[in-house]
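Observations on the three-dimensional arrangement
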Amino acid sequence: MTTKLITSNLGYPRIGKNREWKKTLEAYWSGKIGEQEFRVEMADIQLQHLQSQQQAGIDLIPVNDFTFYDHVLDTAVMFGIVPPRYDYDGGAVPLDLYFAMARGNAAAPACEMTKWFNTNYHYIVPEIGSLTPRLTENKPLAAYRFAKAQAGIEGKPVIVGLYTFLKLSKGFPAADISEVAARFLPAYIQLLQELQQEGVTWVQIDEPAIVIGLNAENIALLKTIYSGISAAVPGLNLILQTYFEAAEPLEALLELPVQAIGLDFVHDGGANLEAIGRLGWPEDKWLGAGIIDGRSIWRADPDTKLALIEKLALHVPLDRLILQPSSSLLHVPVTVQSEGKLKPAVKQALAFADEKLTELRLLASAAGGDNGTAEAELAGSREALAVFRALPERGRRDVAEQVRRLDELPDSRSLPFAERVKLQQDKWRLPLLPTTTIGSFPQTAEVRQARLKWRKGVWNEERYDMFVRRQIAEAITLQEELGLDVLVHGEFERTDMVEFFGEKLGGYLFTQNGWVQSYGSRCVKPPVIYADVAFIQPMTVKESVYAQSLTKLPVKGMLTGPVTILNWSFVRDDLSREEVAKQIALALRHEVQALEDAGIEMIQVDEPAIREGLPLKAEDHENYLNWAVRSFRVATNHVKDTTQVHTHMCYSEFNDMIGAISAMDADVISIETSRSHGELISAFEDHDYDKGIGLGVYDIHSPRVPEVEEMTQNIERALRVLDAGQFWINPDCGLKTRGWEETEAALRNMVLAAGNVRKKN
Ligand code: GLN
Ligand code: ZN
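Reading the values: the criteria
- Residues numbered from 1 in each chain as written.
- Chains lettered and ligands numbered in written order.
- Predicted model: local features only at pLDDT ≥ 70, side-chain atom pairs only at ≥ 80, totals over all residues.
- Core = buried A, V, L, I, M, F, W, Y, C linked by C-beta atoms within 7 Å.
- Buried ≥ 20, exposed ≤ 12 C-beta atoms within 10 Å, placed from the backbone.
- Helix = DSSP H or I, 4+ residues; strand = E, 2+ residues; numbered from the N terminus.
- Pairing = 2+ DSSP bridges.
- Contact = placed C-beta atoms within 7 Å.
- Axes fitted to C-alpha atoms, helices over the stretch in contact; angles between N-to-C directions.
- Near = placed C-beta within 6 Å.
- Nonpolar A, V, L, I, M, F, W, Y, C, P; charged D, E, K, R; others polar.
- UniProt positions renumbered as here; feature names shortened; annotations may be inferred.
- Parallel < 35°, antiparallel > 145°, perpendicular 65-115°, else oblique.
- Left-handed = near helix turned anticlockwise from the far one by under 90°.
- Expected span 1.5 Å × (residues − 1).
- Arc of directions from axis to C-beta.
- Bend = angle between axes of the 7 residues up to and from the residue.

**Quick look at the nonpolar core**
Counting residues in each nonpolar core, the largest one holds 214 residues, and the members touching the most others are Val-203 and Leu-287. The element that contributes the greatest number of residues to this core is helix 22 (residues 577–597), accounting for nine residues.

**Quick notes on the environment of Asp-732**
As for its placement among the helices and strands, Asp-732 is situated in the loop between strand 21 (727–730) and helix 27 (740–760). For the pair Asp-732 and Gly-696, spaced 36 residues apart in sequence, the C-alpha to C-alpha distance is 3.9 Å.

**Observations regarding the sheet that holds strand 14 (residues 528–534)**
Read from one edge of the open sheet, three strands run 11-14-16, paired in mixed fashion. The open sheet terminates on both sides in strands that have one partner only, identified here as strand 11 (506–509) and strand 16 (570–571). The pairing of strand 14 with strand 16 spans two bridges and is classified as parallel. Residue pairing for strand 16: Val-528 is matched across the bridge by Phe-570. Sheet strands in contact with helix 22 are strand 14 and strand 16, and its direction is about 50 degrees off that of strand 14.

**Let's talk about unusual backbone geometry**
Cis peptide bonds are those with omega within 30 degrees of zero, and the linkage from Glu-248 to Pro-249 qualifies with -5 degrees. By the element assignment, Pro-249 lies in the loop between strand 7 (237–241) and helix 9 (250–254). In this structure, Glu-491 takes a positive phi of about 60 degrees despite not being glycine. Tracing the backbone through its elements, the reader meets Glu-491 in the loop between helix 18 (461–482) and helix 19 (499–502). Of note in the backbone geometry, Asp-688 takes a positive phi value of approximately 55 degrees without being a glycine. According to the C-beta neighbour criterion, Asp-688 is exposed, with 8 such atoms within 10 Å.

**Considering the site of ligand 1**
Surveying the vicinity of ligand 1 reveals 13 residues, the closest of which are Ile-438, Gly-439, Ser-440, Pro-608 and Gly-734. Partitioning the shell around ligand 1 into residue classes produces six nonpolar, four polar and three charged.

**Describing the UniProt feature "binding site: L-methionine" (unreviewed entry) in the protein chain**
The residues that UniProt annotates with the feature "binding site: L-methionine" (unreviewed entry) are Ile-438, Gly-439, Ser-440, Glu-491 and Asp-606. Taken together, the annotated residues stretch across 169 residues yet fold into one region, lying no more than 12.9 Å apart by C-alpha. Here Gly-439 is to be found in the loop between helix 16 (417–428) and helix 17 (445–455). We classify Gly-439 as buried; it has 26 C-beta atoms within 10 Å. Other than its neighbours up to four places away in sequence, Gly-439 contacts Val-488, Glu-491, Met-558, Gln-604 and Gly-734. Within the secondary structure, Ser-440 is located in the loop between helix 16 and helix 17. Assessed through the 23 C-beta atoms surrounding it within 10 Å, Ser-440 is described here as buried.

**A closer look at the packing of helix 7 (residues 177–198) against helix 8 (residues 216–232)**
One way to put it is that helix 7 packs onto helix 8 with a least axis distance of 10 Å and a crossing angle of 25 degrees. As summarised for this structure, helix 7 and helix 8 are arranged roughly parallel, according to the angle between their axes. As helix 7 runs across helix 8, the sense of the crossing is right-handed. Contact residues: helix 7 offers Ile-177, Ser-178, Ala-181, Leu-185, Ile-189, Leu-192 and Gln-193, while helix 8 offers Leu-221, Thr-224, Ile-225, Gly-228, Ile-229 and Ala-232. Considered class by class, the residues forming the contact of helix 7 with helix 8 number nine nonpolar, four polar and no charged.

**Quick look at the sheet that holds strand 2 (residues 62–63)**
Strand order in this open sheet of eight strands is 1-10-9-8-7-6-5-2, and the pairing throughout is parallel. Strands with a single pairing partner mark the edges of an open sheet, and in this sheet they are strand 1 (6–7) and strand 2. In this sheet, strand 10 (residues 321–325) lies alongside strand 1 in parallel orientation, the contact comprising two bridges. Within the sheet, the bridge partner assigned to Thr-7 lies in strand 10 and is Leu-323.

**As for helix 8**
Spanning 17 residues, helix 8 covers 25 Å between terminal C-alpha atoms, matching the ideal 24 Å at 1.5 Å per step. Every buried residue belonging to helix 8 is among Leu-222, Ile-225, Tyr-226 and Ile-229, and all of these are buried. For helix 8, the angular spread of the buried residues around the axis is 90 degrees, confining them to a single face. Residues of helix 8 that are exposed and angled more than 90 degrees away from the buried face: Ala-216, Glu-217, Ser-227 and Ala-231.

**Notes on helix 7**
The end-to-end C-alpha distance of helix 7 is 31 Å, a good match for the 32 Å that 22 residues give at a rise of 1.5 Å each. Its maximal kink placed at Phe-184, helix 7 deviates by approximately 40 degrees, while the proline Pro-186 follows within four residues. Along helix 7, the residues classified as buried are Val-180, Phe-184, Tyr-188, Leu-191, Leu-192 and Leu-195. The inward-facing, buried residues of helix 7 abut helix 5 (139–151), strand 5 (156–160), helix 6 (162–168), strand 6 (202–206) and helix 8. Positioned one or two residues after helix 7, Gly-199 has a phi angle of 100 degrees, which is positive.

Here it is in structure tokens:
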């Protein structure tokens, strides 16, 4: 007897097989296409995504997961949540206002952007303030109609749950959340009623904020929201969807009046399954079982997954099980089919979005008893994994031995900061409030084309090197002319701060088209750690030494730190992340040594991604931070006392980890602050942070050039709480996404602002 298990997807990548989505957005922003053409092209892309899922045989296909920028921003504008600094008079938010909120415009800076839970996706933070929510347009309804009309799909609208939306928003005291929820509920219910009216069956309500943890107040709030909703839309099947961690306490969710609950059985550390075993599963609910990893790129082991389904089936009847990925597939590339260059042993071990949907279908057939069709595919899957697991580079003795001996390495610099800082002051003789940048300068079309020519073999190595040298030389001249105090070489030779290192380390492989969205149109192509990571030869010495040869001012060496390399790579799933971080740290330790040996004695080791690796649950933070900090120290703590180690982090929200940041023991940290409006600065002050701090005095995510006065105020505000002697002045982040004109203008203003403040101190 065969049972039909329902398969579902939680969200499909937006960017398109060939990043058509990104290209369309950028064409519109640059004025190459108008709004009408933009909408037509986007509809085309949206349709392709629906069809791919239809072809994969998925039963519940998500709609409204598609967006023009970000789904949280969509939710905000749908409810008319537009901060008063923009020109808006109610009604559906026009496209250009929508983009202005995301990217800023001449009149107003952009909304804050921050990380989506523990991922490298960034959402736009809604600013609710005293605004009254109204439904200005029903985007899920439009998406549902589109899928039905264009592809005959009975779509499952996906919306951000009200609880999560409010948890991610700002502009009201946290204690007022219930009142704000009460203000929202009528508009939220109206949205769902319109869906019900249309004949929608399933609605997926994403509530990932649940997994962070629920106290009694949170539980009461969820009850209020969901009783309100469910009473108003008895005709809808509501799926309360959680992901990225265990939903605890599960008993609280089981009591909510929803028809289905979606749980992550991959990233929950086993807690969801354990809770179901303990509590049983209510007869009136479906279980959305997130069994395929929505965050990894590896083929699933079918036997492990079937065993999991069997365990679930002890508590939930098969016809009440919905098989789905653990989260939206937003976090993985579109299809392995585009990868023509990988060796078969590796390629066969990969599964991107489309392949994951196929895996789901296969598991559903096999678990439903349809062994005939499934068996051959299952065997193929087992074989592919066996070949991959046996690759010798995945079990190197030398690497294992070094990692084993890592604990014997010294754990700190030879002198504590308070002592080495004096030696460093003597050596470097920098002015008060030294100015610098974060590393990269504009990656212009010219730079990208040159790299492409070299990659394609049109240019030989020497010609490309010459090109990079000329860029470096121009950047050095400009920085001297602008009056910056500590220079950078500009990172022209780098595509991306992780890929560049991956290409030079052992253990990595590269996809041709494995892009994922990071924020807005910005996509990243994470390199893949498929084997043991090891140092092969110096990676950055050539460019740094050349840059330093052109100037008497210090030029910072520029590396990406171990935790960021880890967090921005797709990582093998047979070793712990800690173990892999240690392998990377040991490799970087060699590179730091090579730089120092070559006379580069200011070395910046960027860790912008340290925060995003932080586990979602507070009780897991300490362990993560311990090994993350240890990895950074292993990479950097062997330098001379006079060598100045810098680090850089972006996206603020470090308030809860300043202790760890301090323990990294970098001599100078540069950090984003402009978008967090200074909240962070006082956190450093509270912590008596005594090392150098580079204050991000302007937002590099927007092309806007801030006035001298604005930056002067930013600096002065910071100096009210922090000591001028420890202060550095820099932009928020690297400048590679900016154009030269705005970069030059902004840096010129920044140096003037620093000068103004210096005069007063
Ligand atoms: N050094 C890097 C750059 O300037 C840092 C980038 C980052 O923090 N994301 O591009
Ligand atoms: Zn940054």
